[in-house]
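Residue-level listing of the chains:
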Amino acid sequence: TNNNCTITMTAEGRYEIEAAKQRLSAAKMHASSAAKTLESARATEKSAKKTRKDAQSQLQFSEREVGAAEKLLAEAEKRWEVIAID
């Protein structure tokens with residue numbers, strides 16, 4: 001028996017293999033791009049969560065300050081007997 005086997009590839013076979021290689025290359029580039037986009041989105045999400053947390057803290061502080069300032073104004077107006085005339 002002869003174990004040496006030669007396969008001659010047709011032009012059609014070469015075209016099919018080349019097309020498959022190009023498809024694989026394009027798919028790998030797309031996957032790499034998608035991975036980078038996802039990484040960027042995760043970084044943006046992390047930053048947005050911190051910004052949201054900071055904004056909530058600022059809002060809570062501001063709301064307390066508004067309440068304290070309204071109370072102080074009401075006390076001063078009462079002490080000085082201010083009458084609102086419209």
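Computed from a prediction, not measured in an experiment: that's the story for all the values here. (Residues numbered from 1 in each chain as written. Predicted model: local features only at pLDDT ≥ 70, side-chain atom pairs only at ≥ 80, totals over all residues. Heavy atoms only, no water.)

Caption draft 1: Here's a closer look at the overall build of the chain. Helix and strand content of the chain: one helix and zero strands. The C-alpha atoms of the chain give a radius of gyration of 36 Å, which is well past the 12 Å a tight globule of 86 residues would have. Taken along its principal axes, the extent of the C-alpha atoms in the chain is 115 × 30 × 10 Å. Burial status across the chain gives 1% buried among its 86 residues. Counting every atom, the chain has about 8800 Å² of accessible surface; 57% of that belongs to carbon and sulfur. Averaging the locations of the 15 positively and 13 negatively charged side chains of the chain gives two centres separated by 12 Å. (Helix = DSSP H or I, 4+ residues; strand = E, 2+ residues; numbered from the N terminus. Rg over C-alpha atoms; globule rule 2.2 N^0.38 Å. Buried < 20%, exposed > 50% of the residue type's maximum accessible area, 1.4 Å probe, protein only. Areas by Shrake-Rupley, 256 points an atom, 1.4 Å probe, with all protein chains shown as cover. Lys, Arg positive; Asp, Glu negative; His and termini not counted. Charge placed at Lys NZ, Arg CZ, Asp CG, Glu CD.)

Caption draft 2: Layout of the environment of arginine 14. Mapped onto the fold, arginine 14 is located in helix H1 (residues 11-79). Separated by 48 residues in the primary sequence, arginine 14 and serine 62 have C-alpha atoms spaced 71 Å apart.

Caption draft 3: Looking closely at the pattern of salt bridges. This structure, assessed with the given rule, holds two salt bridges. The partner of lysine 49 in a salt bridge is glutamate 45, and the shortest N-O contact between them spans 3.9 Å. Separated by four residues within a single helix, lysine 49 and glutamate 45 lie in helix H1, roughly one turn from each other. Judged by its relative accessible area of 43%, glutamate 45 falls in the partly exposed class. With a closest N to O distance of 3.0 Å, aspartate 54 and lysine 50 form a salt bridge. Of this pair, aspartate 54 and lysine 50 are both found in helix H1, four residues apart, which corresponds to roughly one turn of the helix. Note on lysine 50: relative accessible area 52%, which makes it exposed. (Salt bridge = Lys/Arg side-chain N within 4 Å of Asp/Glu carboxyl O.)

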